[in-house]
Amino acid sequence: MTDVELMKRMLRAVLAANKSGPGVSLSRLQSEYKALTGEQIPHKQMGHASLDTLLHSIPSVVHMERNCTGEMVCFASVSSETAHVAKLVARQRTSKKTGRPQMVNCQIRVKPAAPLILNGKVFYTCIISYKSCLTNFTLNVLLFPPPAPTNIKENAVSGKPKPHHYPKDYNPSPGGNYNPQQVQGRIREVLNKYSNGFWVSKLPQLYRELYKQDLPSEAIKDLEHWTHICTVEKPCSSNPNELLLYPAKEPTQTQTPSPVPTRVQYPTSTTFTPSMDIKPQSKPPTTPSTTTMSPLALTSPSSSPRPPASPSTLSPDLRQKLGELLVKYSNGLWAHALPKLYLDTYKTKLPEHVLENLLLLSDFCTIEYPMPDNPKRAILYKRTREENHNRRESVEERRAREEVGRRLSTQTVPPLLIPQEEYPSVLVGEAANTNGVILRYIGEGYSQAQEALEDKMIEFYCCQDNNTRTRDKKSGTPLASLTSGQLAAVRTEEDEEILRAQVTEVMADKVKVYYVDHGFSEVISKAKVFELHEKFFNLPFQATKCQLAGLEPFCQEPAVLKKFESMTSGKILLAEILERGQTPLVVLYDTSQDDDVNINAACIKALQDKTLASPLQVNSAYMNVAVRSVCSDGTFYCQLPSRGLAKLTEILEKAEAYFHSQETSEFLVSRPFCGKGCLARYKGKWSRVEITNLHGSCVLDILFIDLGVQASVEVIELREVPPPFLWDLIAIPPQAVKCCLADLTVSGVGSWTPDAVQWFRDAVLNSTDCSCSICNYMVQTLSKSVSAAGHNMDIYVSVACHPGHFVVQPWRDMYKLVVLMEEMILYYNKTEEKPLKGENNQIYAAKVENNWHRVLVKGVLTNGLVSVYELDYGKHELVSGTQLRPLIQEFRLLPFQGITAQLAGVKLRQWSEEASILFRNHVEKKPLVAQLEAVQDAHHPWDRKLTVFLVDTSQEERDIWVHNIMAEFADELTKEV
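Residues numbered from 1 in each chain as written. Predicted model: local features only at pLDDT ≥ 70, side-chain atom pairs only at ≥ 80, totals over all residues. Heavy atoms only, no water.

Looking at an unreviewed UniProt entry, one finds the protein named Tudor domain-containing protein 7B and attributed to Oncorhynchus tshawytscha. Check the Subcellular location (unreviewed entry) section of the UniProt entry for the protein; it says "Cytoplasm". (UniProt positions renumbered as here; feature names shortened; annotations may be inferred.)

As structure tokens, this is what we get:
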């Protein structure tokens, strides 16, 4: 984990408790961060002159606003997309196995802590830790105990408390048409319902929800005087307006309260967040008596001489001091922050052997390792006396723990070496952000060695009752003692495999483990955890991390992560390794299709705002069109007037001025790679380019994406996009539109003569006053890739009427259609375009049952309905004419997925209803294999028709050819007739 990534994660934890509250002031942020981590935010080491500039550079983590007093306040950035809990797990043993999904384990675990003394009142805190394999943050929640004893004397005669008396100077607030008695009664009811207490600022909302009336503003001012109804407290907070409200203390017969320790103080950096959903403990800790020791002291000092400390033990004095430190940080303390805190508090250095062997602290604190890949990062939690009392380990447990510590200190696993080849094959696992994508290398010495090791582990850890195997007698016995950070052999929940894992959290009867060769976590029974034999330490851990090049500023953007998951799920990819560091910098490619797909570049395009794309609508005329380039085949690129083009021009002009004011070399491109976006000069002005090919380390090919011009340049001619303009430029789609002349017949196979190309260039190139009409917009048709007879392809039958007419979809592109339809929903549901008047045989987007489809209008009815044909599914539907929208260019790039077909191997006939039902039952809504027999070509892709054999390969014993079934059925009908 990089320092930047760790800083973001810790900063997010600091701000987590203030997402809906007052936030954390900028002046207080450093002290809050240091209280959690023991260090300040290292903004200078990260290249920022001030903390303010660093925070502005990470909007996905924090956003800042000024409050009413002008103070800058920091808030945690919130995204619904990042709250997902489904985790994709790649556990294939071959490339065909897609793995199984694993859910993130989110556990709420309450840790009791020492009582907190505020203004002579006892409160209790608990720590609620949200744990997953990639996050670890802690929130402090203030719990109010049941009403505590007070020294209010009761009336000795009646046994009832004396009636309440207001102060002499108390006057109810004026303007009060409200009834104080009624309001007091209602507030008492609210407090009875939420006896844990809540912020005074929440009272008007609760009052309105319960009584359907607004709380009189005068009542807020009178609360502090209604001591017989409620108690108003001001907590330790930097905001003077924050007040807490909880039920009034009830008088009892207790004359004097028990004394409480006076030296207990709460760290000033902690922020309280009352919760109305957390109930008080059923049995709160008893108030200490006069003879009870301070809860800060773990053991009472002894008058006898103490034995000298050794590297394997802690002296009683050291144990007591460490216990005192940990009590002050009830929300946990990073182990690496302990030496400095110890030095600041006791003016002496912490013995080095403490951090080298944290197990020495396990007698009086809980040790957790939130980052399995970094065992040096540990969090220490102080246990209370009650926890220690309940956790008196036996001699056997202590010996087992010490044995584990000795073995862990001596047993090591060799590091994973990056493959030597430039383009290794990889299998992608989970990705919480693109700076830490988990992957596994495929091939000899990696995945093959891992599979061999896991096969040996299955043989080694076979069931004990299997006497045919020769093995260690202890190999099948679950471990008696488990420790965080410990390596183990784990039988998976399905009992299919035994995998290497690292223990990350130990619970009552379960344990959370991280599978070091597969890159995901799981909570399992302790009975499935075994000692990892030393012979299984030889292979490096196979799950490793990489960083996707070019996506660093957008590493946690939901749109990027969603696109990445959709393109990498269950696939073996090629990784181009740009930098071979601890976390390699890579570009991923999907080579499973005809054209290689640059996944890094595709993820960047997911951030584009489609409303800024060039408008393309059939039978529409455009003025002031600029032709920017003409290709040798007669196609040309032009720019259409659009909002995106205007915004692009404005931003590039600002970038031009920015470069003139910043005469520095920091914007030179130091690491070029295919798919990278940057800037280059075209006719004296900076323009957007994408690198398309590299010729060595100095020369490369680029494409001016807004002009359609290709060029070869030196690396020193390129510039990085300045950070102030990066997000705006990324959001604008390419403005160059590829076109061809309509109604023009060219002799030969789609080629122009050089003279014709030159004449065309002279006539239109760089002219900015052209006009054009969009006659048709075609995409590559599907039949182009199934054009050879006898070719097999995986398909899905979406509609089946009878053997003479059904619709198939190519299986390999189905995920693209799913992504496209999701993008259409997001686009058309937020746009406010006026409905269109549909025209026959034109393509539109239409809303059908809450989904947007690409459709062909077949007819317009007089009642306002329109008959449409779904080009991707082959269905005919009736929709309201108000549900039609223009189909923009972005949604025309994917070829229409619905292909009309007929069954080969049977005679053409009028199929009976019985035969049609039989056919539908065998093929509709099923994945099959289609063997191409013939293609009937047509001008429009929806008019093309395939003749195919259909084969059901779902049965292991044999393949079922559907035409044989239909032929036999037809013969049976003939015999019956």
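Caption draft 1: Local environment of the pattern of salt bridges. Under the counting rule described, the total for this entry stands at 16 salt bridges. Between aspartate 517 and arginine 500 there is a salt bridge, and its shortest N-O distance comes to 2.8 Å. A residue pair is termed long-range when its members are at least 10 positions apart, and aspartate 517 in the loop between strand S20 (510-515) and strand S21 (520-525) and arginine 500 in strand S19 (residues 498-506) qualify at 17 residues. Like aspartate 517, the residue arginine 500 is buried in the burial classification. Across the salt bridge formed by aspartate 813 and lysine 816, the nearest N and O atoms sit 3.5 Å from each other. (Salt bridge = Lys/Arg side-chain N within 4 Å of Asp/Glu carboxyl O. Helix = DSSP H or I, 4+ residues; strand = E, 2+ residues; numbered from the N terminus. Buried < 20%, exposed > 50% of the residue type's maximum accessible area, 1.4 Å probe, protein only.)

Caption draft 2: Summary view of the sheet that holds strand S30 (residues 685-695). As summarised here, the arrangement of the four strands in space is S29-S30-S31-S32, forming an open sheet in which the pairing is antiparallel. Of all strands in the sheet, those with a lone pairing partner are strand S29 (677-682) and strand S32 (709-714), marking the two edges. In this sheet, adjacent strand axes meet at a mean angle of 45° when their direction is disregarded. Bridge analysis of S29 against S30 gives six bridges, and the strand direction is antiparallel. (Pairing = 2+ DSSP bridges. Axes fitted to C-alpha atoms, helices over the stretch in contact; angles between N-to-C directions.)

Caption draft 3: Region of interest: the nonpolar core. In terms of nonpolar packing, the biggest core is built from 48 residues, with Leu11, Leu29, Leu322 and Leu361 touching the most fellow members. The biggest single contributor to this core is helix H1 (residues 3-16), with seven residues. With near-sequence residues (within four places) excluded, leucine 11 lies in contact with Leu29, Tyr33, Ile41, Leu55, Ile58, Val61 and Val62. (Core = buried A, V, L, I, M, F, W, Y, C linked by side-chain atoms within 4.5 Å. Contact = heavy atoms within 4.5 Å.)

Caption draft 4: The environment of isoleucine 367, seen in detail. One can find isoleucine 367 in strand S14 (residues 365-368). Each C-alpha atom, one on isoleucine 367 and one on alanine 378, is 6.6 Å from the other, the two residues being 11 residues apart in sequence.

Caption draft 5: The sheet that holds strand S41 (residues 884-885), seen in detail. Strand order across the open sheet formed by five strands is S40-S39-S38-S37-S41, with antiparallel pairing between neighbours. One side of each edge strand has no neighbouring strand; the edge strands of this open sheet are strand S40 (876-880) and S41. Looking at chain direction, strand S38 (residues 851-860) and strand S39 (residues 865-870) are connected through five bridges and run antiparallel. Paired with valine 855 across the two strands is glutamate 870, which belongs to S39.

Caption draft 6: Geometry of helix H8 (residues 338-346). For H8, the complete set of buried residues consists of Leu338, Leu341 and Tyr342. Down the axis of H8, the buried side of the element spans an arc of 100°, and every buried residue falls inside it. Phi for lysine 347, located one or two positions after H8, is positive at around 55°. (Arc of directions from axis to C-beta.)

Caption draft 7: Structural context of helix H18 (residues 814-830). Between its first and last C-alpha atoms H18 spans 25 Å; for 17 residues at 1.5 Å apiece the expected length is 24 Å, and the two agree. Every buried residue of H18 is listed here: Leu817, Val819, Leu820, Met821, Met824, Tyr827 and Tyr828. Contacts made by the buried residues of H18 are with helix H13 (558-568), strand S36 (805-810), strand S37 (843-848), S38 and S41. (Expected span 1.5 Å × (residues − 1).)

Caption draft 8: Local environment of the pairing of strand S3 (residues 72-76). For S3, a buried count of five out of five residues is recorded, marking the element as mostly surrounded by other parts of the structure. Across the two faces of S3 the burial is the same, with Met72, Cys74 and Ala76 and Val73 and Phe75 all buried. As paired strands, strand S1 (residues 24-25) and S3 are joined by two bridges and run antiparallel to one another. Within S3, the position partnered with serine 25 by the bridge is valine 73. Pairing of strand S2 (residues 62-66) with S3, which is carried by five bridges, proceeds in the antiparallel orientation. Of the residues in S3, the one forming a bridge with histidine 63 is phenylalanine 75.

Caption draft 9: Broad picture of the pairing of strand S31 (residues 699-704). In this structure, S30 lies alongside S31, joined through six bridges in antiparallel fashion. The residue bridging leucine 694 from the neighbouring strand is leucine 700, located in S31. As consecutive antiparallel partners, S30 and S31 are separated by three residues, and within that stretch glycine 696 has a phi angle of approximately 75°, a positive value. With six bridges joining them, S31 and S32 adopt antiparallel strand pairing. Its bridge partner lying in S32, isoleucine 702 is registered against alanine 711. Counting the residues that bridge the hairpin from S31 to S32 gives four residues, and of these glycine 708 lies at a positive phi of roughly 75°.

Caption draft 10: Highlighting the packing of aromatic side chains. Overall, the coordinates contain 23 aromatic pairs when judged by the stated rule. On the numbers, 5.5 Å between centres and 65° between planes, the contact of tyrosine 441 with tyrosine 446 is edge-to-face. On the basis of relative accessible area, tyrosine 446 is assigned to the buried category, the value being 15%. Ring geometry for phenylalanine 460 against tyrosine 461: centres 4.8 Å apart, planes inclined by 75°, an arrangement best described as edge-to-face. Assessed through its relative accessible area of 9%, phenylalanine 460 is described here as buried. With a relative accessible area of 1%, tyrosine 461 lands in the buried category. Through successive ring pairs, a cluster of aromatic residues spans Tyr658, Phe659, Phe667, Trp686 and Phe725. (Phe/Tyr/Trp six-rings, centres within 6.5 Å; stacked < 30°, edge-to-face > 60°.)

Caption draft 11: Structural context of the packing of helix H15 (residues 643-661) against helix H16 (residues 723-731). Interhelical geometry of H15 versus H16 gives an angle of 165° and a closest axis separation of 10 Å. Classified by the angle between their axes, H15 and H16 sit roughly antiparallel to one another. Every pair of crossing elements has a handedness; the one defined by H15 and H16 is left-handed. Only Pro724, Phe725, Asp728 and Leu729 of H16 make contact with H15, whose side of the interface consists of Lys647, Leu648, Ile651, Leu652, Lys654, Ala655 and Tyr658. Looking at the contact of H15 with H16 residue by residue, the class counts come to eight nonpolar, no polar and three charged. (Parallel < 35°, antiparallel > 145°, perpendicular 65-115°, else oblique. Left-handed = near helix turned anticlockwise from the far one by under 90°. Nonpolar A, V, L, I, M, F, W, Y, C, P; charged D, E, K, R; others polar.)

Caption draft 12: Molecular detail of the side chain of arginine 491. Here arginine 491 shows up in strand S18 (residues 487-491). Residue classification places arginine 491 among the buried residues on the basis of a relative accessible area of 19%. Among the polar contacts made by the side chain of arginine 491, one reaches the main-chain carbonyl oxygen of tyrosine 461 at a distance of 3.1 Å. Setting aside residues no more than four positions away along its own chain, arginine 491 makes contact with Tyr461, Glu497, Ile498, Ile524, Lys528 and Phe530. (Polar contact = N/O pair within 3.5 Å; in protein donor to acceptor, adjacent residues only side chain to side chain.)

Caption draft 13: Broad picture of the packing of helix H4 (residues 180-193) against helix H5 (residues 203-211). Following both chains from N to C, one finds H4 and H5 inclined at 100°, their axes separated by 11 Å at the closest point. One element, H4, and the other, H5, form an angle in the roughly perpendicular class. Contacts between H4 and H5 involve Val183, Arg186, Ile187, Glu189, Val190 and Lys193 from the first element and Leu203, Leu206, Tyr207, Leu210 and Tyr211 from the second. Each residue belonging to the contact of H4 with H5 can be placed in one class, and the counts come to eight nonpolar, no polar and three charged.

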